[in-house]
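Secondary and tertiary structure notes
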Amino acid sequence: MSLEDRPLRWGVASLVEQPMPELASRAREYETLGFDDVWVPDERLLRNVYVSLATIANATTRIGLGPAVTNPYTRHPAHTAAAIATIDELSGGRATLAYGAGGGLDAYGVKRTNPVRTLREAVQIAHMLFQGETVTYEGEAFALRATQLDFAPLRPIPVYLAARGPKILQLAGEVADGAIIGGFAEPGGLKYALDMVGRGIERAGRRAADVDIMSWLYVSVDDDPAAARTAVSKIVLASLITSRPILDRIGIKLPTSLRDHLDARGWRYPTKTPEEAARLLPDHIVDAFAVHGTPESVRERLRVIHACGIDHVSFVLFPVAGTSTAGLARRIAQDVVSPLSRGVTA
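Computed from a predicted structure; not experimentally measured. (Residues numbered from 1 in each chain as written. Predicted model: local features only at pLDDT ≥ 70, side-chain atom pairs only at ≥ 80, totals over all residues. Heavy atoms only, no water.)

1. What about the overall build of the chain?
Along its length, the chain carries 12 helices and 11 strands. Scaling as 2.2 N^0.38, a compact globule of 346 residues should have a C-alpha radius of gyration of about 20 Å, and the chain matches this with 20 Å. Judged by the C-alpha coordinates and their principal axes, the chain covers about 55 × 45 × 40 Å. Taken over 346 residues, the chain has a buried fraction of 54%. The contacts in the chain between residues at least 6 apart in sequence include a share of 75% that link residues at least 24 apart. About 14900 Å² of surface is accessible on the chain, with carbon and sulfur atoms providing 51% of the total. (Helix = DSSP H or I, 4+ residues; strand = E, 2+ residues; numbered from the N terminus. Rg over C-alpha atoms; globule rule 2.2 N^0.38 Å. Buried < 20%, exposed > 50% of the residue type's maximum accessible area, 1.4 Å probe, protein only. Contact = heavy atoms within 4.5 Å. Areas by Shrake-Rupley, 256 points an atom, 1.4 Å probe, with all protein chains shown as cover.)

2. Section: the nonpolar core
Of all hydrophobic cores here, the largest spans 119 residues; its most connected members are Phe-35, Leu-240, Phe-315 and Ile-332. No other element matches helix 7 (residues 225–242), which puts nine residues into this core. Apart from residues no more than four positions distant in its own chain, Ile-332 is found in contact with Phe-35, Val-219, Val-221, Phe-315, Leu-317 and Val-337. (Core = buried A, V, L, I, M, F, W, Y, C linked by side-chain atoms within 4.5 Å.)

3. Brief notes about helix 6 (residues 187–203)
In this model, helix 6 (17 residues) spans 24 Å end to end at C-alpha, consistent with the 24 Å of a helix rising 1.5 Å per residue. Within helix 6, the full set of buried residues consists of Gly-189, Leu-190, Tyr-192, Ala-193, Leu-194, Met-196, Val-197, Gly-200 and Ile-201. Buried residues along helix 6 sit against helix 5 (166–175), strand 8 (178–182), strand 9 (212–221) and helix 11 (295–307). Positioned one or two residues after helix 6, Gly-205 has a phi angle of 70°, which is positive. (Expected span 1.5 Å × (residues − 1).)

4. As for the packing of helix 11 against helix 12 (residues 325–342)
Where helix 11 contacts helix 12, the axes come no closer than 10 Å and their chain directions differ by 50°. Judged by the angle between their axes, helix 11 and helix 12 are oblique. Both helix 11 and helix 12 take part in a crossing whose hand is right-handed. In contact with Pro-295, Val-298, Arg-299, Leu-302 and Arg-303 of helix 11, helix 12 contributes Arg-331, Asp-335, Val-336, Pro-339 and Leu-340. Classifying every residue of the contact of helix 11 with helix 12 by side-chain character gives six nonpolar, no polar and four charged. (Axes fitted to C-alpha atoms, helices over the stretch in contact; angles between N-to-C directions. Parallel < 35°, antiparallel > 145°, perpendicular 65-115°, else oblique. Left-handed = near helix turned anticlockwise from the far one by under 90°. Nonpolar A, V, L, I, M, F, W, Y, C, P; charged D, E, K, R; others polar.)

5. A look at the pairing of strand 9
The side chains of a regular strand alternate, residue by residue, between the two faces of the sheet. With respect to burial, strand 9 is a largely interior element, 10 of its 10 residues being buried. Alternating positions in strand 9 separate into two faces, Asp-212, Met-214, Trp-216, Tyr-218 and Ser-220 on one and Ile-213, Ser-215, Leu-217, Val-219 and Val-221 on the other, with burial throughout. Judged from the five bridges that link them, strand 8 and strand 9 form a sheet pairing that is parallel. What sits directly across from Ile-181, in strand 9, is Ser-215. Once the chain exits strand 8 it traverses helix 6 before rejoining the sheet at strand 9, and the crossover so formed is right-handed. Across six bridges, strand 9 lies against strand 11 (residues 312–317) in parallel orientation. What sits directly across from Trp-216, in strand 11, is Ser-314. (Pairing = 2+ DSSP bridges. Right-handed = clockwise from strand over helix to strand, strands pointing away.)

6. With respect to unusual backbone geometry
Note that the residue after Ala-68, namely Val-69, is joined by a cis bond; omega there is -5°. Mapping Val-69 onto the fold places it in the loop between strand 3 (64–67) and helix 3 (77–91). Positive phi is not limited to glycine here, since Asn-114 has a value of about 40°. In this fold, Asn-114 is placed in the loop between strand 4 (97–99) and helix 4 (115–130). Unusually for a residue other than glycine, Ala-146 sits at a positive phi of about 45°. Mapping Ala-146 onto the fold places it in strand 6 (residues 143–147).

7. Looking at empty space enclosed by the protein
Within the structure shown, the criterion is met by two cavities of 30 Å³ or more. Taken as a whole, the second largest cavity holds about 40 Å³ of empty space. Lining of the second largest cavity is provided by Trp-10, Leu-33, Gly-34, Phe-35, Ala-333 and Val-337. Looking at side-chain class alone, the lining of the second largest cavity contains five nonpolar, one polar and no charged residues. (1 Å grid on protein atoms, 1.4 Å probe; cavity = no way out; pocket = protein on both sides within 12 Å on 5 of 7 lines; lining within 4 Å. Points joined across faces, edges and corners; volume = space filled by probe spheres on them.)

8. Considerations on the packing of aromatic side chains
Enumeration according to the criterion identifies six aromatic pairs in this entry. Taking 6.2 Å as the distance between ring centres and 40° as the angle between the ring planes, the aromatic pair formed by Trp-39 and Tyr-160 counts as tilted. Remark: Tyr-160 occurs in strand 7 (residues 159–163) and Trp-39 occurs in strand 2 (residues 37–40); sequence separation between them is 121 residues. Residues Trp-39 and Tyr-160 agree in their burial class; the two are buried. With a centroid separation of 6.3 Å and an interplanar angle of 45°, the aromatic rings of Phe-184 and Phe-289 are classed as tilted. Taken together, the residues Phe-184 in the loop between strand 8 and helix 6 and Phe-289 in helix 10 (residues 283–289) connect sequence positions 105 residues apart. On the basis of relative accessible area, Phe-184 is assigned to the buried category, the value being 0%. Overall, the relative accessible area of 1% leaves Phe-289 in the buried class. (Phe/Tyr/Trp six-rings, centres within 6.5 Å; stacked < 30°, edge-to-face > 60°.)

Encoded structure:
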């Protein structure tokens with residue numbers, strides 16, 4: 001099916017790098033540009049995710065919003081459910097809850113114990129509370145005693161799971177309302193992820209239409225393709241390192257020199273500059289984890305992604321040196337999304 005027959009929905013990830021007043025104006029611009037949803041991280045010690053979401057909700061009227069992603073370890077899922085239900089109330093029913101397994105928690109002494117089990121229970125608890133139920137729940141990670149939200153949720157808020165590994169992708173197909181595919185930009189990775197989600201859907205006896213699948217895309221658009229490639233290279237190197245257990249499954253073959261380089265450094269998170277990462281990585285690896293280049297080349301890559309069965313994408317913005325995320329968002333909306341929506345082929 002073409003984009004005209006099966007339209008794409010376009011989201012954008014906000015890294016909350018600006019003060020709250022600027023976030024409000026940025027969110028308004030995203031809405032004006034036509035993005036369908038905006039996602040806010042909940043990691044490290046960034047500006048608070050729920051204050052950020054409330055700021056966005058108050059500044060906008062249409063765009064969807066949610067954390068991408070929160071984790072089930074630093075807050076009890078019941079507290080997370082209450083927070084998201086509050087954002088949903090404030091925004092008039094525009095919120096989505098997205099969970100992931102959590103990263104960087106060691107810095108706070110938080111143990112990421114059995115993420116598949118913990119995420120399953122977190123999703124189950126959220127679904128029950130969003131239904132307005134009084135919940136008694138005895139899980140391995142969490143327990144509730146005759147607990148309910150102390151206000152009526154507007155609706156059953158959708159709950160997504162973000163993942164790259166096979167077990168949590170399958171779990172998303174089993175229990176979530178959406179699956180966020182983390183950082184694959186080529187058919188090999190996308191088809192692997194879609195297959196994993198599909199296995200979960202089949203195991204649970206659900207329909208494919210029950211699960212919205214969103215691709216989380218690292219993107220840089222510029223008239224200078226080399227500059228756009230450099231802009232995404234450090235996040236690509238990080239994605240390569242964290243994808244080590246599944247590289248064979250997504251069809252990634254490492255040159256011997258690159259494997260030796262990573263082995264010598266224990267496959268640790270990169271400290272290199274984008275320019276150093278760009279020199280280290282061959283083109284096929286950069287392409288596997290990011291969409292980059294001129295507007296025309298990015299549009300073509302998105303057509304390929306859409307043809308794999310992806311109807312919902314969220315752009316994680318990596319502007320080239322000397323430009324801004326706001327400028328990149330405008331460029332994507334005007335030179336990538338708008339022409340694709342009109343059916344432009346070049």
